[in-house]
Amino acid sequence: MPKTFVVLLLALLFMAPAMAERYTGPIIDVHLHAGKAAPGAINPATGKPTTANTDAERQSLTLEHMQRHRIVLGLVSGPMDAMARMRAAAPDRIWAGAMLDDYGHPLPPIADLRQAYASGELHVLGEIGAQYNGLNPSDPWFEPYLALAEELDIPVGIHTGLGPPASPYGCCPKFSVALGNPILLEPMLKRHPKLRVWLMHAGWPYLQETKAILYMYPQVHVDLAVINWIFPREEFHDYLRALVTAGFGDRLMFGSDQMVWPESIPLAIEGIDSAEFLSDAQKRAIFYDNAARFLRVDPQADAAK
Ligand SMILES: [Zn+2]
């Protein structure tokens, strides 16, 4: 073989991985959190302390990462005061959600929620961390909230699947693995056929049950938050590929579940962008289109941001 040909061939071989298209379009992050900083908290993916050392830094670094990575809309949940500060700092990029957190703070009363949705202070219901509180989202405690969300056509994000390892021995003695099973949502989905529901964390590790719910209830979506950066990459890609090959590529939404680690936002993006089995169109659907459709945002308005 002529030398130049060999050199060219080798060059092409080395270039091949870099030639896979990286996603450069807009992103909607349907799963962010606001609240107090946790200085020194070790990022479970990097093994390094968080980059946010103060409450103000947690917010400013999150907004900086959003800007840098073209996240045109972020759905945030956390304490009301922290969400209000974040909305004030980036009013066209932040939607706030009423949260049932892992520390037992109850949801606001129905009348307060109704007012907050009317005023635009809140946009969605979630994250609903029922699993952390030993609660089943299909049980009566949640029913008035679901009725309100259905009446006002408010999207509802329910935490499913997993929590930080050893949570039952620490923050959350009522946590139960079984209560993270998406199959538990079936009774509420039957009672509220018009409700826009998404399974946060895509039901991991309950793949079969997640597929069953997505197949039978075509309105249900999922987000890929936390599993896209905290897990070994291969485990996440296996799970993602299973959902895509099962035909649910148009119901998967990007989320980071940035908590006290703003630097997890690019890690979460990379988790999806590195999936070589995804086409450019599938990436675009996950990063933006599916959420834009589910949340009914105006892509033209987003493009102007
Ligand atoms: Zn969660």
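As a reminder, the structure under discussion sits directly above these lines.
Residues numbered from 1 in each chain as written. Predicted model: local features only at pLDDT ≥ 70, side-chain atom pairs only at ≥ 80, totals over all residues. Heavy atoms only, no water.

A. Representation of the overall build of the protein in the model. Helix and strand counts for the protein stand at eleven helices and eight strands. Against the compact-globule benchmark of 19 Å for 305 residues, the protein has a radius of gyration of 20 Å, which places it among compact chains. Referenced to the eigenvectors of the C-alpha coordinate spread, the extents of the protein come out at roughly 80 × 45 × 45 Å. For the protein, the proportion of its 305 residues judged to be buried stands at 51%. Across the protein, contacts joining residues at least 24 apart in sequence account for 75% of those joining residues at least 6 apart. A total accessible area of about 13,900 Å² is found for the protein, and carbon and sulfur atoms account for 62% of it. Between the centroid of the 25 positive side chains of the protein and the centroid of its 33 negative side chains there is a distance of 3 Å. (Helix = DSSP H or I, 4+ residues; strand = E, 2+ residues; numbered from the N terminus. Rg over C-alpha atoms; globule rule 2.2 N^0.38 Å. Buried < 20%, exposed > 50% of the residue type's maximum accessible area, 1.4 Å probe, protein only. Contact = heavy atoms within 4.5 Å. Areas by Shrake-Rupley, 256 points an atom, 1.4 Å probe, with all protein chains shown as cover. Lys, Arg positive; Asp, Glu negative; His and termini not counted. Charge placed at Lys NZ, Arg CZ, Asp CG, Glu CD.)

B. How the structure looks around the coordination of the zinc ion. Taken together, the protein donors to the zinc ion comprise E127 (OE), H159 (ND1) and H201 (NE2), at separations of 1.7 to 2.2 Å. The sequence pattern formed by the donor residues of the zinc ion is E-x31-H-x41-H. With E127 in strand β4 (residues 124-128) and H201 in the loop between β6 (197-200) and α7 (207-216), this residue pair connects regions lying 74 residues apart in the sequence. Of the two residues, E127 and H201, both sit in the buried class. (Donors = N, O, S within 2.8 Å, 3.2 Å for Na, K, Ca; no water.)

C. Up close: the pattern of salt bridges. Under the defined criterion, the tally for this structure stands at eleven salt bridges. A salt bridge links R296 to D153, with the nearest nitrogen and oxygen atoms 2.4 Å apart. Taken together, the residues span a long stretch of sequence, with R296 in the loop between α10 (280-295) and α11 (299-303) and D153 in the loop between α5 (143-152) and β5 (156-159) at a distance of 143 residues. Its salt-bridge partner being K283, residue D273 comes within 2.9 Å of it at the nearest N-O pair. Taken together, the residues span a long stretch of sequence, with D273 in helix α9 (residues 264-273) and K283 in helix α10 at a distance of ten residues. In this structure K283 comes out as buried when scored by relative accessible area, which is 4%. The network of salt bridges with shared partners includes R22, E270, D273 and K283. (Salt bridge = Lys/Arg side-chain N within 4 Å of Asp/Glu carboxyl O.)

Everything listed here is a matter of geometry and, on its own, says nothing about what the molecule does.
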